[in-house]
Structure formats: C-alpha cells, structure tokens
Amino acid sequence: MANTLVNTEFKFEGQKSVYHGKVRDVYNINDDLLVMVATDRISAFDVILPKGIPFKGQVLNQIAATFLDATADIVPNWKLATPDPMVTVGVKAEGFRVEMIIRGYLTGSAWREYAAGCRELCGVKLPDGMRENERFPEPIITPTTKADAGHDENISREEIIRQGIVSEEDYNQMEAYTRALFARGSQMAAEKGLILVDTKYEFGKRDGKVILIDEIHTPDSSRYFYADGYEERFAKGEPQKQLSKEFVRQWLIEHNFMGKAGQVVPEMTDEYCTSVSDRYIELYEHIVGCKFDKADESDIASRIEKNVSAYLASLK
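Residues numbered from 1 in each chain as written. Predicted model: local features only at pLDDT ≥ 70, side-chain atom pairs only at ≥ 80, totals over all residues. Heavy atoms only, no water.

## Overview of the overall build of the chain
Consideration 1: Helix and strand counts for the chain stand at eight helices and 17 strands.
Consideration 2: In terms of overall size, the chain behaves like a compact globule, its C-alpha atoms giving a radius of gyration of 19 Å where 316 residues would be expected to give roughly 20 Å.
Consideration 3: Each principal axis of the C-alpha atoms in the chain carries an extent, and together these give about 60 × 50 × 45 Å.
Consideration 4: Residue burial in the chain is summarised as follows: out of 316 residues, 50% are buried.
Consideration 5: For the chain, the proportion of contacts with a sequence separation of at least 24, taken over those separated by at least 6, is 64%. (Helix = DSSP H or I, 4+ residues; strand = E, 2+ residues; numbered from the N terminus. Rg over C-alpha atoms; globule rule 2.2 N^0.38 Å. Buried < 20%, exposed > 50% of the residue type's maximum accessible area, 1.4 Å probe, protein only. Contact = heavy atoms within 4.5 Å.)

## As for the pattern of salt bridges
Consideration 1: Applying the stated criterion across every chain yields a total of 26 salt bridges.
Consideration 2: Among the ionic pairs, Asp-32 bridges to Arg-206, the shortest N-O distance being 2.8 Å. Placement of Asp-32 in the loop between strand S2 (24-29) and strand S3 (33-38) and of Arg-206 in strand S14 (residues 194-206) is noted, with a sequence separation of 174 residues between them.
Consideration 3: Given the relative accessible area of 23%, Arg-206 is considered partly exposed.
Consideration 4: One continuous salt-bridge network, built from bridges that share partners, spans Arg-103, Arg-112, Asp-198, Arg-223, Glu-246 and Arg-249. (Salt bridge = Lys/Arg side-chain N within 4 Å of Asp/Glu carboxyl O.)

## Here we look at the sheet that holds strand S7 (residues 87-91)
Consideration 1: The strand order across the open sheet formed by five strands is S1-S2-S3-S7-S6, and the pairing between neighbours is antiparallel. Each edge of the sheet is formed by a strand with only one pairing partner; in this case those strands are strand S1 (15-20) and strand S6 (79-84). The mean inter-strand angle of the sheet, taken between neighbouring strand axes irrespective of direction, is 20°.
Consideration 2: Bridge count between S6 and S7: three bridges; the pairing is antiparallel. Each bridged residue has a counterpart across the sheet, and for Lys-79 the counterpart in S7 is Gly-90.
Consideration 3: Sitting on the sheet, helix H1 (residues 56-71) is in contact with S2, S3, S6 and S7, with an inclination near 150° to S6.
Consideration 4: Here helix H8 (residues 300-314) sits on the sheet in contact with S2, S3, S6 and S7, set at roughly 135° to S6. (Pairing = 2+ DSSP bridges. Axes fitted to C-alpha atoms, helices over the stretch in contact; angles between N-to-C directions.)

## What to know about the side chain of Thr-199
Consideration 1: By the secondary structure assignment, Thr-199 is in strand S14.
Consideration 2: Polar side-chain contacts of Thr-199 include one of 3.2 Å to the backbone oxygen of Ser-221.
Consideration 3: In this structure the side chain of Thr-199 is engaged in a polar contact, spanning 2.7 Å, whose partner is the side chain of Ser-222.
Consideration 4: Sequence-distant contacts of Thr-199, defined by excluding residues within four places in its chain, comprise Met-100, Ile-101, Ile-102, Phe-182, His-217, Ser-221 and Ser-222. (Polar contact = N/O pair within 3.5 Å; in protein donor to acceptor, adjacent residues only side chain to side chain.)

## Describing the packing of H1 against helix H4 (residues 168-191)
Consideration 1: Their axes nearest at 11 Å, the elements H1 and H4 cross at an angle of 115°. As for how H1 packs across H4, the hand of that crossing is right-handed. Facing H1, whose interface residues are Phe-67, Ala-70 and Thr-71, H4 presents Leu-181, Arg-184 and Met-188.
Consideration 2: In terms of residue class, the contact of H1 with H4 is built from four nonpolar, one polar and one charged. (Left-handed = near helix turned anticlockwise from the far one by under 90°. Nonpolar A, V, L, I, M, F, W, Y, C, P; charged D, E, K, R; others polar.)

## Focus on the pairing of S3
Consideration 1: Most of S3 sits out of view: six of its six residues are buried.
Consideration 2: The alternating pattern of S3 places Leu-33, Val-35 and Val-37 and Leu-34, Met-36 and Ala-38 on opposite faces, both of which are buried.
Consideration 3: A loop of three residues connects S2 with S3, the two strands running antiparallel in sequence, and Asn-30 in this loop sits at a positive phi of about 55°.

## A few points about unusual backbone geometry
Consideration 1: Phi is positive for Cys-122, which is not a glycine, with a value near 55°.
Consideration 2: Mapped onto the fold, Cys-122 is located in the loop between strand S9 (120-121) and strand S10 (124-125).
Consideration 3: The exposure class of Cys-122 is buried, given its relative accessible area of 11%.
Consideration 4: With a phi close to 65°, Asp-214 is a non-glycine residue in the positive phi region.
Consideration 5: Counting through the fold element by element, Asp-214 comes out in the loop between strand S15 (209-213) and strand S16 (222-226).
Consideration 6: Residue classification places Asp-214 among the buried positions, given a relative accessible area of 15%.

## Some words on the packing of H1 against helix H7 (residues 270-288)
Consideration 1: It is at 9 Å that the axes of H1 and H7 come closest, and there the two elements cross at 15°. Considering their axes alone, H1 and H7 lie roughly parallel with respect to each other. Seen along the crossing, H1 lies across H7 with a hand that is left-handed. Seen from H1, the contacting residues are Lys-56, Val-59, Leu-60, Gln-62, Ile-63, Thr-66 and Phe-67; seen from H7, they are Tyr-280, Ile-281, Leu-283, Tyr-284, Ile-287 and Val-288. (Parallel < 35°, antiparallel > 145°, perpendicular 65-115°, else oblique.)

## Quick look at the pairing of S2
For a regular strand, side-chain orientation follows a simple rule: the groups alternate between the two sheet faces.
Consideration 1: Burial analysis of S2 places six of its six residues in the buried class, the great majority of the element.
Consideration 2: Burial along S2 is two-sided: Arg-24, Val-26 and Asn-28 and Asp-25, Tyr-27 and Ile-29, pointing in opposite directions, are all buried.
Consideration 3: Relative to S2, S1 is paired through five bridges, and the arrangement is antiparallel. Bridging across to S2, Ser-17 finds its partner in Asn-28.
Consideration 4: Counted between consecutive antiparallel strands, the loop separating S1 from S2 contains three residues.
Consideration 5: Here six bridges tie S2 to S3, and the two strands are oriented antiparallel to one another. Counterpart to Tyr-27 in the pairing with S3 is Val-35.

See below:
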C-alpha cells in the first residue's frame, strides 16, 4: 500500500502555533498566514479512524483549491497558494464558531432524524410525507455549533443570534454566501453529471469582512449523487449511487460502529484502505473533470517541508 501522512510536526519559519484537527493540521505563521496540511487521516462519527487513506489528503486539498478559485468571484476566501499537493497557504481569519450546512435533499443524518419522527431541523420546519433522498423545494440551511472536541451540535439561526455566537449582520452575510456557494457548486456538479446533495461551509472575519475559510465541496464536507439514474432510483425507493464519505459511514454502521461509547472500530485492512483511496480518486476525477496525478509519496513529510519553506521564503 502507498505511504500515508497521518501525523505532522513541522517547524516552519515564523511558526507561532499548530492546531491538529480531525483531518487537517493548521500552522499559524506570524499570526498572519495559515499553512493548512490536508493529511491522509479519515474521520467518521467525529472519530479519527486508526489508519490513513493513501492520497486522500491530496484529493481533498486539490478539490478544495479548485472550488475556492472557482467561487472567488462571488465570495472572498482565504486561499493564497497551494505550494504542495497536500497544502494550501492562506490568510488567517477569526473563525466563527458555527458551520453552515446546506441541504438540497433529505438524506444522511437529516433523513435518519426524519425517519425517527423529527419534523423540525435547526428551526426549519419539514413537511410530512417526504421520502429518503427527496429534493427539498428549496435548499435548507441547518447550522451546527463548531466543537473543539466531540460532536458538533445542531442549532437554529435564532439561537445563534440570541446567544451572540454570531451577530445578526454577520449571520445574514454567511447565509447569503452559503446559498450563493451552493448554487455555484450545484451548477458545476451538474456540468459533470453529478448532483451536489448537501455540503458545509466555514467562515471567518478578517479586516472587518466575512470570508470563506477551510475546504469546500470535497467528499469530506459534501455529498454527491450521480444525476444519471437519480429519478429512477428515487421512484423505486432504491439507494442512490453517490460519491461522498457516506460509504465509509455505512461500512462502519454495518460493522456496528457509530462512534458511541464501548463500540470498537472494525479492522481496516490494507485492501479496504486502498478501496477507499480509489473511491476518493474517482470522486476527484468526476468533480474536477480531469485525471488525478498521484504525487510522489516516498517521503511526504520532507516534500511538504521543502515546498512550504520555499514558498514562505518567496514572500519575504
């Protein structure tokens, strides 16, 4: 199996701190720039799984970079450069403690709650009689609070503003940007024969302006259906053919793991990890529309250190 990058401990010039997330490691350079390394770690149910997935970090980083560039005309974002296939460097912003989730279809966790009888999600009323994978009349926004550890929690627009988590003015801007991004992402997906089903966006504030941060429209943050056959499968009540991380969640569920206390992550064999890698590469090639070129993985950490250090030196 190809090498993977699951831990990083870089020491870049000007480095003030490092944050190790579920998938990304973010290095603060002089409180002005962020070096975001997309590792090969994979998480599900808010748990980091024990093995890395080959080329996953490269897939995520390059998809996100593609969409950040493709939406920069409608939403300002943090990206400056991608000096390495697994790294994006951008400006540092004060992140909002909310993730903006937008859903075009009733599926995934929203469907699981709906099937259990829930008819209101994050303050949004849901009609009776909907079926799994059915399209909403209009996309709905279902925000969550952003947790440093453990599970993110659903929250309504009204509660976010009432608790002062985000001001009403900033929230309205985030909401408008979320709808515009989803519309652009849906259009780009449709051009590739895909449906952008749901996704999440994160925003921050820099110099008094709301900007888009982190990743967008990757298989870790989004769900895609194949457009071809969607209507037929929906009519028959069959599962949709999809490109997302949901297949990993389903595999875990089938092996009695949903991140709950006492549950054990099933064994991730090399064959399984390679199969997940193949699915990520398949999504990249579909959504970006070009062949995926695997980066040299013989010494990933040294490659990243060299490329990022050269880029940071070029800024002087």
